[in-house]
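Structure assessment
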Amino acid sequence: ARDISVTGVQSCALPISAVEWLVRIGLRERVELVDEVASAGRPGLGFVPALAGLGSPHQDPSARGALSGLALDTTAADIVRSVVDGIARRAAELADYMGVTGELIVDGGLSRSRVLLAELADASGLTIRRAEDPETTLSGIAEVAWASLG
């Protein structure tokens, strides 16, 4: 297994900004409501959550997001579902790159999404467990920053 680095953490944070994009363009009122809509969406669209570039292992800040598979019957819920699925696939790719096996412990706001966690489990083949503290990563980053100050 590889060591988890700030780059790895940042790589997970970038795709999550895609959910904030859904709110900004009006497909969701609030980030917290994503799961409600995503569960009504049909799988099948392809979404690459690279709205702010791709982090590890690609390290390509010029990469941009993509949405494919649109048809006349595509609904807003289908697009929301594709964003959640795309984030899950991106997280699965990062977990594979880092050599995670067995269980993946997740945190952050989207760790509350049943749809995301189910897709992440399917895409990664891992057992997914929510961290007891949903802000574990943020707390860890703060501790590292504090320790670096001496």
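Residues numbered from 1 in each chain as written. Predicted model: local features only at pLDDT ≥ 70, side-chain atom pairs only at ≥ 80, totals over all residues. Heavy atoms only, no water.

**Comments concerning the pattern of salt bridges**
Under the defined criterion, the tally for this structure stands at seven salt bridges. A salt bridge links Arg-114 to Asp-35; the nearest nitrogen and oxygen atoms lie 3.4 Å apart. Placement of the pair is Arg-114 in helix α4 (residues 114–124) and Asp-35 in helix α2 (residues 34–38), with a sequence separation of 79 residues. According to the relative accessible area criterion, Asp-35 is buried, its value standing at 10%. Between Asp-85 and Arg-81 there is a salt bridge whose closest N-O contact spans 3.1 Å. Residue Asp-85 and its partner Arg-81 are both found in helix α3 (residues 76–97); the two are separated by four residues, about one turn of the helix. Each of the salt bridges in this network shares a partner with another, and the network as a whole consists of Arg-42, Asp-73 and Asp-78. (Salt bridge = Lys/Arg side-chain N within 4 Å of Asp/Glu carboxyl O. Helix = DSSP H or I, 4+ residues; strand = E, 2+ residues; numbered from the N terminus. Buried < 20%, exposed > 50% of the residue type's maximum accessible area, 1.4 Å probe, protein only.)

**Concerning α4**
For α4, the full list of buried residues reads Val-115, Leu-116, Leu-117, Glu-119 and Leu-120. Where the residues of α4 are buried, they touch α2, α3, β3 (103–106) and β4 (127–130). (Contact = heavy atoms within 4.5 Å.)

**Remarks on the packing of aromatic side chains**
Tallying each qualifying case throughout the model produces one aromatic pair. On the basis of an interplanar angle of 15 degrees and a centroid distance of 6.1 Å, the ring pair of Trp-21 and Phe-47 is categorised as stacked. You can see Trp-21 sitting in helix α1 (residues 6–24) and its partner Phe-47 sitting in strand β1 (residues 46–48), a full 26 residues away along the chain. (Phe/Tyr/Trp six-rings, centres within 6.5 Å; stacked < 30°, edge-to-face > 60°.)

**What to know about unusual backbone geometry**
Cis geometry marks the peptide bond from Ser-56 to Pro-57; its omega dihedral reads -5 degrees. Tracing the backbone through its elements, the reader meets Pro-57 in the loop between β1 and β2 (66–68). Unusually for a residue other than glycine, Gln-59 sits at a positive phi of about 50 degrees. Mapped onto the fold, Gln-59 is located in the loop between β1 and β2.

**Re the environment of Thr-127**
You can see Thr-127 is positioned in strand β4. Judged by relative accessible area, which is 48%, Thr-127 ranks as partly exposed. Distance in space between the C-alpha atoms of Thr-127 and Glu-103 is 4.6 Å, their sequence separation being 24 residues.

**A short note on the environment of Leu-126**
For Leu-126, the location among the structural elements is in the loop between α4 and β4. Beyond its immediate chain neighbours, meaning those up to four positions away, Leu-126 contacts Ala-95, Val-100, Thr-101, Gly-102, Leu-104 and Ala-121.

**Observations concerning the packing of α3 against α4**
Where α3 contacts α4, the axes come no closer than 8 Å and their chain directions differ by 45 degrees. Between α3 and α4, the crossing angle belongs to the class labelled oblique. The handedness of the crossing between α3 and α4 comes out as right-handed. Side by side, α3 and α4 meet where Arg-81, Val-84, Asp-85, Ile-87, Ala-88, Arg-89, Ala-91 and Ala-92 of the first sit next to Val-115, Leu-116, Glu-119, Leu-120, Ala-123 and Ser-124 of the second. Here the residues of the contact of α3 with α4 sort into nine nonpolar, one polar and four charged. (Axes fitted to C-alpha atoms, helices over the stretch in contact; angles between N-to-C directions. Parallel < 35°, antiparallel > 145°, perpendicular 65-115°, else oblique. Left-handed = near helix turned anticlockwise from the far one by under 90°. Nonpolar A, V, L, I, M, F, W, Y, C, P; charged D, E, K, R; others polar.)

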